[in-house]
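Coordinate inspection notes
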Amino acid sequence: AQKVTQAQTEISVVEKEDVTLDCVYETRDTTYYLFWYKQPPSGELVFLIRRNSFDEQNEISGRYSWNFQKSTSSFNFTITASQVVDSAVYFCALASGYSTLTFGKGTMLLVSP
Amino acid sequence: ETGVTQTPRHLVMGMTNKKSLKCEQHLGHNAMYWYKQSAKKPLELMFVYSLEERVENNSVPSRFSPECPNSSHLFLHLHTLQPEDSALYLCASSQDQGWPRFFGPGTRLTVL
């Protein structure tokens, strides 16, 4: 069985602070994919990143960065210099092969001015 | 118009009503999905269609009935729902069956 745990239910920061959203996953498969999605107040989920299990290189995209560590089964997401527009619910998800996505419960990020 | 659109955005219905949710994608994708998002619970996959054929049905009650008349349109027909069916229903699409790439804004459903 697959499982995704996002232990942080809600995080509040002040603009310009860095913030890390944690994601821990469980799977017995050796080939799998990890994802992050953002859900702003408008409702639609926005795809942010997909990473496969054979690529442990960290990735940076602007103010966003992702740290994938197989040893701890974690795929954490860091936002540098947070902005009010980053306020949203962020979901981590896992898929193995052709299986469907297993989502975590999400972390609500509130960035105040 | 591009992306994934859903109508209506909000729907309130009684338990004896029949209604339908509509999803449209203008991305040329071959796979479409229905997800249910309830408060405090992870997103739940309900149905997957690939090339207009249903390829996955995650033990969804029969009071939810999907329809995919073509690769651009997906419907979710609702009848005799229960209050616990109140949730945000999200539609998504992807080029091929696999994982959802683009999501619509959702329909906020309230069952009285």
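Okay, so let's go over this structure. Bear in mind that the values here come from a model prediction, so they are computed numbers and not experimental data. Along each chain, numbering runs from 1 in the same order as the chain's sequence is written. To label them, take the chains in the order written and letter them from A, then take the ligands in the order written and number them from 1. The predicted origin of the model limits local features to residues at a pLDDT of at least 70 and limits the giving and counting of side-chain atom pairs to 80 or more, whereas totals for whole chains, interfaces and linings rest on all residues. Working from all heavy atoms in the structure, the side-chain values ignore hydrogens and water.

Turning to the packing of aromatic side chains, a few remarks are in order. We call Phe, Tyr and Trp rings a pair once their centres come within 6.5 Å, taking the six-membered ring for Trp, and we label the pair stacked below 30 degrees between planes, edge-to-face above 60, and tilted otherwise. For the coordinates displayed, the defined rule picks out 19 aromatic pairs over all chains. Measuring from centroid to centroid gives 6.2 Å for Phe35 of chain A and Tyr37 of chain A, while their planes differ by 20 degrees, and the two rings are stacked. Both residues of the pair, Phe35 of chain A and Tyr37 of chain A, count as buried. Three or more aromatic residues joined by ring pairs make a cluster, and in this case those are Phe35, Tyr37, Phe47, Phe91 and Phe103 of chain A together with Tyr33, Tyr35, Trp99 and Phe103 of chain B. Definition used: whenever NZ (Lys) or CZ (Arg) falls within 6 Å of the ring centre and also within 35 degrees of the ring normal, the charge is taken to sit over that ring. The ring of Phe102 of chain B has Arg101 of chain B sitting right over it, with the charged end atom 4.8 Å from the ring centre. Per-residue accessibility, obtained with a 1.4 Å probe over protein chains only, is compared with the maximum for each type, and a residue is labelled buried under 20%, exposed over 50%, and partly exposed between these values.

Turning our eyes to something else, we now look at the pattern of salt bridges. Opposite charge on two side chains makes pairing possible when the charged atoms of those side chains draw close. For this document, the term salt bridge refers to a Lys or Arg side-chain nitrogen within 4 Å of an Asp or Glu carboxyl oxygen. Taken as a whole and judged by the stated rule, the model has six salt bridges over all chains. With a shortest N-O distance of 3.6 Å, Lys22 of chain B and Glu24 of chain B are connected by a salt bridge. A single network of salt bridges, built from pairs that share partners, joins Arg51, Asp55 and Glu59 of chain A.

Moving on: the interface of chain B and chain A. Across the contact, 16 residues belong to chain B and 15 residues belong to chain A. For the pairing of chain B and chain A, the buried interface totals around 1,400 Å² over both sides, and the portion due to carbon and sulfur atoms is 62%. Interface area lost by chain B to chain A is led by Leu43, Trp99 and Phe103 of chain B, which between them contribute 37%. Inspection of the region where chain B meets chain A yields zero salt bridges. A 3.5 Å cut-off defines polar contacts: any pair of N or O atoms within that distance qualifies, except that in protein one atom must be a possible hydrogen donor and the other a possible acceptor, and neighbouring residues in sequence count only when both atoms are side-chain atoms. In this assembly, chain B and chain A are joined by three residue pairs in polar contact (both at pLDDT 80 or more). Segments assigned H or I by DSSP are reported as helices when at least four residues long, segments assigned E as strands when at least two residues long, and all are numbered from the N terminus. Looking at the side of chain B that touches chain A, the elements that each hand over two or more residues are β4 (31–37) and β9 (87–94) of chain B. The contact criterion used is simple: two residues touch if any of their non-hydrogen atoms lie within 4.5 Å. Buried area: the accessible area, evaluated with a 1.4 Å probe, that two parts lose upon being put together, summed over both parts.

Take the pairing of strand β2 (residues 10–13) of chain B next. Residues and elements named next belong to chain B. Along β2, the buried face is formed by Leu11 and Met13; none of His10 and Val12, which line the opposite face, is buried. Sheet topology places β2 next to strand β11 (residues 107–111); four bridges connect them, and they run parallel. Across the sheet, Leu11 pairs through a bridge with Leu109, a residue of β11. Pairing between strands is defined by DSSP: at least two bridges between the two strands are required.

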